[in-house]
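Summary of structural features
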Amino acid sequence: MSLGDSATPLGKVRGLGSAHHGGEHWLTERVTSIALLFLGSWLLASLLILPKLDQRTLIEWLHAPSGAIPMALLIVIGCRHALDGMKVVIDDYVHEEGARFAWNTLLLFLAVAVGAIALFALARIAFGSVA
Amino acid sequence: MVVSILHRATGVALSFAGLGILAWWLFALSNGADAYGNFEAALNYRFYQVPPMLIVLIGLTWSFFQHLLSGIRHLVMDTGAAFELGINKSFAILTIVGSVMLTAALWFYLLGVAK
């Protein structure tokens, strides 16, 4: 290999595979998982710390930047990580090329749609007036 | 082996049910008192004393803890560590023990406070 022995194992696989970005997909999945480790724990801790879980309290929580910003990150990174993970499942179990493309496209649309709905709702809370 | 399958299964559950409920919850929250009332009614709905949504949420929190702990295991193994049979197996069992204990602790706390 032209990179020589000093290349890391990850460096050697970058750009390889039929899509030429197998290594990037693998790495993205790991990096988003570390982010979600924090963001998922943040969501759980926030819900436990809030004094009440009624609509007013929850809206006040997500209206403040300290709630809205991590929630926006959780939505975007969560959808990305779900899409990356589901792609691995599809690529493992769906062997026919056309069906695989169809499933991956369907999942991409679904992930973007769910992310868009959640982000829209969050924006309405964050930029709206507190009820 | 089992933990690897669980990692996948809980990942699929979190992708669909987890993100789906998150989006539904945020949308209801942003959409006025009536919409949030409907969401809360769905949470509290009982089918012959059994609340299906509560069971789904308990399942999702367990999925979250299991996926988180086995995810940490995968990150450790990505560095090339913990492949020795004994350590590998203990680590795998630990993810299940941990996820069950965390889920139990969380819901005993949540349901204890609610009553």
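Up top you'll find the structure we're talking about.
Residues numbered from 1 in each chain as written. Chains lettered and ligands numbered in written order. Predicted model: local features only at pLDDT ≥ 70, side-chain atom pairs only at ≥ 80, totals over all residues. Heavy atoms only, no water.

Brief notes about helix 3 (residues 52-78) of chain B
For helix 3 of chain B, spanning 27 residues, the distance from its first C-alpha to its last is 38 Å, which sits close to the expected 39 Å at 1.5 Å a residue. Gly 80 of chain B, located one to two residues past helix 3 of chain B, shows a positive phi value of around 95 degrees. (Helix = DSSP H or I, 4+ residues; strand = E, 2+ residues; numbered from the N terminus. Expected span 1.5 Å × (residues − 1).)

Re the pattern of salt bridges
Taken as a whole and assessed by the stated rule, the structure comprises seven salt bridges over all chains. Here Lys 87 of chain A makes a salt bridge to Asp 91 of chain A, at a shortest N to O gap of 3.0 Å. Of this pair, Lys 87 of chain A and Asp 91 of chain A both sit in helix 4 (residues 65-93), four residues apart, which is roughly one turn of the helix. The class of Lys 87 of chain A is partly exposed, set by a relative accessible area of 30%. The partly exposed category is assigned to Asp 91 of chain A, whose relative accessible area is 26%. Connected through salt bridges with shared partners, the residues Glu 29 and Arg 30 of chain A together with Asp 78 of chain B form a single ionic network. (Salt bridge = Lys/Arg side-chain N within 4 Å of Asp/Glu carboxyl O. Buried < 20%, exposed > 50% of the residue type's maximum accessible area, 1.4 Å probe, protein only.)

Describing the packing of helix 4 of chain A against helix 1 (residues 2-30) of chain B
Look at helix 4 of chain A against helix 1 of chain B: their axes get within 10 Å of each other, and the N-to-C directions meet at 145 degrees. For the crossing formed where helix 4 of chain A meets helix 1 of chain B, the hand is left-handed. In contact with Met 71, Leu 74, Ile 75, Gly 78, Cys 79, Ala 82, Met 86, Val 88, Val 89, Asp 92 and Tyr 93 of chain A of helix 4 of chain A, helix 1 of chain B contributes Arg 8, Val 12, Ser 15, Phe 16, Leu 19, Leu 22, Trp 25 and Leu 26 of chain B. Of the residues in the contact of helix 4 of chain A with helix 1 of chain B, the class split is 15 nonpolar, two polar and two charged. (Axes fitted to C-alpha atoms, helices over the stretch in contact; angles between N-to-C directions. Left-handed = near helix turned anticlockwise from the far one by under 90°. Contact = heavy atoms within 4.5 Å. Nonpolar A, V, L, I, M, F, W, Y, C, P; charged D, E, K, R; others polar.)

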